[in-house]
Amino acid sequence: MKAFFDRYNIITTIEPGSSRYPDRMLSKYFAMNIAPEDSNENNTVYIINFFASWFARLVGKTCGGEYNITCLDPDFRKQMEEYAEAVMGNKRMLGVLLRGSDFFISDMAALAKPVDAKVAIPYIEKWFRGDGYDGIVLATEDADMLEEMKKVFGSKLIAIAQERYRVRQFEMAETIAELEHELMDEETYDIHVEDTTVNYFYALYLLSRCDSFIYSNICGGERLTHIFNNGRFRKELCIAQMFLNPDLQKK
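Calculation rules
- Residues numbered from 1 in each chain as written.
- Predicted model: local features only at pLDDT ≥ 70, side-chain atom pairs only at ≥ 80, totals over all residues.
- Heavy atoms only, no water.
- Salt bridge = Lys/Arg side-chain N within 4 Å of Asp/Glu carboxyl O.
- Helix = DSSP H or I, 4+ residues; strand = E, 2+ residues; numbered from the N terminus.
- Buried < 20%, exposed > 50% of the residue type's maximum accessible area, 1.4 Å probe, protein only.
- Core = buried A, V, L, I, M, F, W, Y, C linked by side-chain atoms within 4.5 Å.
- Contact = heavy atoms within 4.5 Å.
- Phe/Tyr/Trp six-rings, centres within 6.5 Å; stacked < 30°, edge-to-face > 60°.
- Lys NZ or Arg CZ within 6 Å of the ring centre and 35° of its normal.
- pLDDT = per-residue confidence, 0-100.
- Axes fitted to C-alpha atoms, helices over the stretch in contact; angles between N-to-C directions.
- Left-handed = near helix turned anticlockwise from the far one by under 90°.
- Nonpolar A, V, L, I, M, F, W, Y, C, P; charged D, E, K, R; others polar.

Caption draft 1: Local environment of the pattern of salt bridges. The tally for this structure, following the rule as stated, stands at 12 salt bridges. One salt bridge connects Arg209 with Glu85, and the closest N-O pair in it is separated by 2.9 Å. Here Arg209, found in the loop between helix 10 (186-208) and strand 4 (212-215), pairs with Glu85, found in helix 5 (residues 74-88); they are 124 residues apart in sequence, far enough to count as distant. Assessed through its relative accessible area of 25%, Arg209 is described here as partly exposed. Linking Arg234 and Asp131 is a salt bridge whose minimum nitrogen-to-oxygen distance equals 3.4 Å. With Arg234 in the loop between helix 11 (220-229) and strand 5 (236-238) and Asp131 in helix 7 (residues 117-131), this pair connects stretches of sequence that are 103 residues apart. It is possible to trace a salt-bridge network through shared partners that takes in Arg92, Asp131, Asp211, Arg234 and Lys235.

Written as structure tokens, this is what we have:
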């Protein structure tokens, strides 16, 4: 929205309380401004649904710009860059994103449908051994996925510490957000959401710094990783696509 309206000299802000995240958190980690107290219906236009246009990249195509890593606060970006240098340095790393947990029970279809670790690992192992990577950066919120990957790749695996979930936990909820609300009181939830979100962006930033990228399905994390990487991956593979395209399976 900011990229679109900048050309009209219109200031873009976030409506207070409009996100599942606390306003202070949005201001701390993202390059956005919260609408001032004197903002009202006479001087402000509220856009109530921009998520679909963001995924379609409609805004980027319309305004001639791209949604990119500058959406994050400069200090936050600097911290992630310093962390990536300390963890990865000049090593050739294979980035892997395995979405699981609530995606498995949400009846996702086509390219959004995730594959489990047993399906993904042979593809990952082929690239890892064949191309001689120094290690693997794994991003996943699924505890079962992490365990299966550790069994195969051991100390070669890097994964950001975060809260992870198992599919069997979703008997009481359909999404991670619902599950977290069931398990935590409001104060604990707010602290947890901030910690989880920060770690999420650290993980995606590490993925974007990798030489190549394998992802189990199309999802928000995959989209942001591509945006942060800005077309620099040497090669990449969507495993879900392998099972929809017979020609890719043969290759």
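Caption draft 2: How the structure looks around the nonpolar core. Among the nonpolar cores identified, the biggest contains 33 residues, and Leu72, Phe76 and Phe201 are the most heavily contacted of them. Broken down by element, this core gets its largest block of residues, 8 residues, from helix 10. Contact partners of Phe201, with chain neighbours within four places excluded, come to Phe30, Leu72, Phe76, Met80, Leu224 and Phe228. Counting 21 residues, the second-largest nonpolar core is a separate cluster that includes Val96, Ile121, Trp127 and Met149.

Caption draft 3: Looking closely at the packing of aromatic side chains. Following the criterion strictly, the structure yields 10 aromatic pairs and no others. With centroids separated by 5.6 Å and ring planes inclined at 85°, the aromatic side chains of Tyr200 and Phe201 adopt a geometry described as edge-to-face. We classify Tyr200 as partly exposed; its relative accessible area is 34%. Here a set of aromatic residues connected by ring pairs shows up, and it is made of Tyr29, Phe30, Phe76, Tyr83, Tyr200, Phe201, Tyr202 and Phe228. Across from the ring centre of Trp127, 4.3 Å away, lies the NZ or CZ of Lys235, which sits over that ring.

Caption draft 4: Examining the confidence of the model for the chain more closely. The pLDDT averaged across the chain works out to 79; a share of 73% of its residues lies at or above 70. Averaged pLDDT values over the elements of the chain bottom out at 49 in helix 13 (residues 246-250) and peak at 96 in strand 1 (residues 93-97).

Caption draft 5: Here's a closer look at the environment of Val137. In this fold, Val137 is placed in strand 2 (residues 135-139). Between the alpha carbons of Val137 and Phe213 there is a distance of 9.5 Å; along the sequence they are 76 residues apart.

Caption draft 6: How the structure looks around the packing of helix 7 against helix 8 (residues 143-153). Viewed as axis vectors pointing N to C, helix 7 and helix 8 meet at an angle of 35°, and their least axial separation amounts to 11 Å. Helix-helix and strand crossings are classified by hand; for helix 7 and helix 8 the assignment is right-handed. Along its contact with helix 7, which presents Ala117, Lys118, Ile121, Ile124, Glu125, Phe128 and Arg129, the element helix 8 presents Met145, Glu148, Met149, Val152 and Phe153. For the contact of helix 7 with helix 8, a count of residues per class yields 8 nonpolar, no polar and 4 charged.

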